[in-house]
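Summary of structural features
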Amino acid sequence: MTGYDFHPQAVIDLEEIWEFIAEDNLNIADNVIADILASIDALPPFPNQGHKRTDLTSRPLRFTIAREYLIAYAPNEKPLWVIAVMHGRRNPRVMAAILRGRE
């Protein structure tokens, strides 16, 4: 048991990240996804370790970063619920809209 689960769209986020990077380099794509998953693996024992982003949502979500990707998750859910994995340089309005669409 991993202690976390993914919103169905968060799984698609990971697939799209991998596909985008894999167009240039399969090994780097694998490494980026491995780093993201390693960051997620570290969340369940200390679910409140991430930071809040009140500029993106008023929900009680936390955020952590893996490479240049922002991972949004619900720390109070059991198992911990990964809501989204988004590139950190995206427009904050776009990120907020993505999160609103995943309530």
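In terms of nonpolar packing, the biggest core is built from 20 residues, with I17, I36, V82 and V85 touching the most fellow members. Not counting residues within four places of it along the chain, the set of residues in contact with V82 comprises D5, F6, H7, A10, I40, I71, A72 and Y73. L61, L70, A72 and M95 belong to the second largest nonpolar core, which has 12 residues in total.

So, about the environment of N91. With respect to the helices and strands, the residue N91 is situated in the loop between β4 (80-87) and α3 (92-100). In this structure, the C-alpha to C-alpha distance between N91 and L80, residues 11 residues apart in sequence, is 26 Å. For N91, the side chain forms a polar contact with the main-chain nitrogen of R93, separated by 2.7 Å.

Most of the time, phi is negative for any residue but glycine, and the peptide bond is trans. At the junction of K78 and P79, the peptide bond is cis and its omega measures out at -5 degrees in the coordinates. Here P79 lies in the loop between β3 (69-74) and β4. The phi dihedral of R67 is positive, around 55 degrees, even though this residue is not glycine. Along the polypeptide, R67 turns up in the loop between β2 (62-66) and β3.

What follows deals with the layout of surface pockets. By volume, the largest pocket is sized at about 180 Å³. As for the largest pocket, its lining consists of Q9, D13, E16, I17, F20, Y69, V85, M86, H87, R90 and R102. Mapped by element, the contributors of at least two residues to the lining of the largest pocket are α1 (8-22) and β4. Ranked by residues supplied to the lining of the largest pocket, first place goes to α1 with 5 residues. Tallied by class, the residues present in the lining of the largest pocket amount to 5 nonpolar, 2 polar and 4 charged.

Definitions and limits used
Residues numbered from 1 in each chain as written. Predicted model: local features only at pLDDT ≥ 70, side-chain atom pairs only at ≥ 80, totals over all residues. Heavy atoms only, no water. Core = buried A, V, L, I, M, F, W, Y, C linked by side-chain atoms within 4.5 Å. Buried < 20%, exposed > 50% of the residue type's maximum accessible area, 1.4 Å probe, protein only. Contact = heavy atoms within 4.5 Å. Helix = DSSP H or I, 4+ residues; strand = E, 2+ residues; numbered from the N terminus. Polar contact = N/O pair within 3.5 Å; in protein donor to acceptor, adjacent residues only side chain to side chain. 1 Å grid on protein atoms, 1.4 Å probe; cavity = no way out; pocket = protein on both sides within 12 Å on 5 of 7 lines; lining within 4 Å. Points joined across faces, edges and corners; volume = space filled by probe spheres on them. Nonpolar A, V, L, I, M, F, W, Y, C, P; charged D, E, K, R; others polar.

The values are spatial; any link to function lies outside them.
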